[in-house]
Amino acid sequence: MLELRSMKTYYGNIQAIKGIDILVERGEIITLIGANGAGKSTTLMSICGVVPPREGEIIFEGESLVDMDPDRIVAMGISQVPEGRRIFPHLTVKENLDMGALLRRDKDGVRRDIDYVYSLFPILAERKGQAGGTLSGGEQQMLAISRAIMARPKLLLLDEPSLGLAPLIVQQIFEIIRQINEENGTTIFLVEQNANQALKVADRGYVMETGRISLTDTASNLLANEEVKKAYLGV
Ligand code: ATP
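None of the values given here were measured: they were computed from a predicted structure. (Residues numbered from 1 in each chain as written. Predicted model: local features only at pLDDT ≥ 70, side-chain atom pairs only at ≥ 80, totals over all residues. Heavy atoms only, no water.)

Novice: So what exactly am I meant to see when it comes to a nonpolar patch on the surface here?
Specialist: A cluster of nonpolar residues, Phe88, Met99 and Leu102, forms a patch on the protein surface that exposes about 270 Å² of accessible area. Assignment of secondary structure puts Met99 in helix H3 (residues 93-100). For Met99, a relative accessible area of 33% translates into the label partly exposed. (Patch = residues over 30% accessible without salt bridge, like charges linked within 9 Å, V, L, I, M, F, W, Y side chains within 5 Å. Areas by Shrake-Rupley, 256 points an atom, 1.4 Å probe, with all protein chains shown as cover. Salt bridge = Lys/Arg side-chain N within 4 Å of Asp/Glu carboxyl O. Helix = DSSP H or I, 4+ residues; strand = E, 2+ residues; numbered from the N terminus. Buried < 20%, exposed > 50% of the residue type's maximum accessible area, 1.4 Å probe, protein only.)

Novice: What is the right way to read the packing of H3 against helix H6 (residues 137-149) from this model?
Specialist: Two quantities define a packed helix pair, namely the angle between the axes and the distance from one axis to the other. With their axes 7 Å apart at the nearest point, H3 and H6 run at an angle of 35 degrees to one another. Considering only the axes of H3 and H6, their crossing is right-handed. Contacts between H3 and H6 involve Val93, Asn96, Leu97 and Gly100 from the first element and Leu143, Ser146 and Arg147 from the second. In terms of residue class, the contact of H3 with H6 is built from 3 nonpolar, 3 polar and 1 charged. (Axes fitted to C-alpha atoms, helices over the stretch in contact; angles between N-to-C directions. Left-handed = near helix turned anticlockwise from the far one by under 90°. Contact = heavy atoms within 4.5 Å. Nonpolar A, V, L, I, M, F, W, Y, C, P; charged D, E, K, R; others polar.)

Novice: Which parts of the structure should I look at to understand helix H1 (residues 40-48)?
Specialist: A turn of α-helix holds 3.6 residues, and therefore any two residues three or four places apart point the same way. Among the 9 residues in H1, 8 count as buried, and that is most of the element. For H1, every residue scored as buried is listed here: Lys40, Ser41, Thr42, Thr43, Leu44, Ser46, Ile47 and Cys48. One or two positions beyond H1, positive phi appears at Gly49, with a value near 85 degrees.

Novice: What should I look at first to understand the layout of surface pockets in this one?
Specialist: One way to see where empty space is left: roll a probe the size of a water molecule over the atoms. Roughly 850 Å³ of volume is contained in the largest pocket. For the largest pocket, the lining is made up of 33 residues, of which Val74, Ile78, Ser79, Gln80 and Arg147 are closest to its centre. Of all the secondary-structure elements, those providing two or more residues to the lining of the largest pocket are H1, helix H2 (70-75), strand S6 (78-81), H3 and H6. Among the elements that take part in the lining of the largest pocket, H2 stands out by supplying 5 residues, more than any other. Residues that form the lining of the largest pocket fall into these classes: 21 nonpolar, 5 polar and 7 charged. Here the lining of the largest pocket spans two domains, since at least three of its residues come from each of domain 1 (2-77 + 153-233) and domain 2 (87-152). (1 Å grid on protein atoms, 1.4 Å probe; cavity = no way out; pocket = protein on both sides within 12 Å on 5 of 7 lines; lining within 4 Å. Points joined across faces, edges and corners; volume = space filled by probe spheres on them. Domains from an automatic or database assignment.)

Novice: How should the sheet that holds strand S8 (residues 187-192) be read in this particular structure?
Specialist: Within a beta sheet, neighbouring strands are joined by backbone hydrogen bonds and run either parallel or antiparallel to one another. Read from one edge to the other, the open sheet built from 6 strands follows the order S6-S7-S8-S3-S9-S10, with strand pairing classed as mixed. A single partner strand is all that each edge strand has here, and the edge strands are S6 and strand S10 (212-218). The mean angle between the axes of side-by-side strands here comes to 15 degrees, regardless of whether they run parallel or antiparallel. Pairing of strand S3 (residues 29-34) with S8, which is carried by 5 bridges, proceeds in the parallel orientation. Across the sheet, Leu32 pairs through a bridge with Val191, a residue of S8. In this fold H6 packs onto S6 and strand S7 (155-159), with an angle of close to 170 degrees to the strand it touches most, S6. This element, helix H7 (residues 167-184), spans S3, S7 and S8 of the sheet and lies at about 155 degrees to S8. (Pairing = 2+ DSSP bridges.)

Novice: Looking at this structure, how should I read unusual backbone geometry?
Specialist: Although it is not a glycine, Ser6 adopts a positive phi angle of roughly 45 degrees. Along the chain, Ser6 turns up in strand S1 (residues 2-11). By relative accessible area, Ser6 is classed as partly exposed at 42%. Although it is not a glycine, Glu160 adopts a positive phi angle of roughly 50 degrees. Structurally, Glu160 is set in the loop between S7 and H7.

Novice: Can you help me understand the site of the ligand in this one?
Specialist: Around the ligand, a shell composed of 13 residues is seen, among which Asn36, Gly37, Gly39, Ser41 and Thr42 lie nearest. At 2.8 Å from an oxygen atom of the ligand is found a main-chain nitrogen or oxygen belonging to Gly39. Within the backbone of Ser41, a nitrogen or oxygen atom sits 2.7 Å from an oxygen atom of the ligand. When the residues that make up the shell around the ligand are grouped by side-chain class, the tally is 4 nonpolar, 6 polar and 3 charged. (Near = heavy atom within 4 Å. Polar contact = N/O pair within 3.5 Å; in protein donor to acceptor, adjacent residues only side chain to side chain.)

Here it is as structure tokens:
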């Protein structure tokens, strides 16, 4: 579904991504793990067209995304949940969800999907008239994920959904990520520092170190890998 080939991304003269290859198959959950500053967020931002790569290729369903407008990339079926959730704080929960469906014309489908996200996160239904900014961190993350789903993406990019959340909420969020994948067949690209949780939910994983992919394998093999255990799982 998505292929990054020898992708290199820069901020001015700083090379953040030093030539990476990543393959995402339709229907799978893949995770990109690594330490702070490894280049995980930059990888997602390159895919979304926010920080386009200087070299290499990004192919989505046979089409190159390099130098494509971010809006067109969304229209092709790729939605991102950015790090730090960035919902619209002054809009209500329901208005935030409507923003996610802005490109859609199927009104009935949108209504059904609003009901669907309320079934995933009943707390959002309870708070639908409340301003997004008044929600707790966990609820804002739920809203950010829901807003992205409202675009009915084929590929959902999630940047550190567990960041700053209590363990119980993190578990709930990861459960829902799995559910979204299973119920809708949505392909998921999950960037995480919480390697343990991410590898438990993913099919396959990539380990990133200073702008390079140092290791890739099935999630279960990575969980059992001694190097990964030492560096990322704290065991
Ligand atoms: P984190 O978990 O902290 O988000 P990350 O793995 O997502 O880390 P990136 O945010 O992609 O890492 O950063 C990769 C590298 O690019 C780092 O060295 C970082 O300092 C640098 N970088 C990120 N954003 C910018 C920017 N806007 N300008 C210059 N350098 C940047």
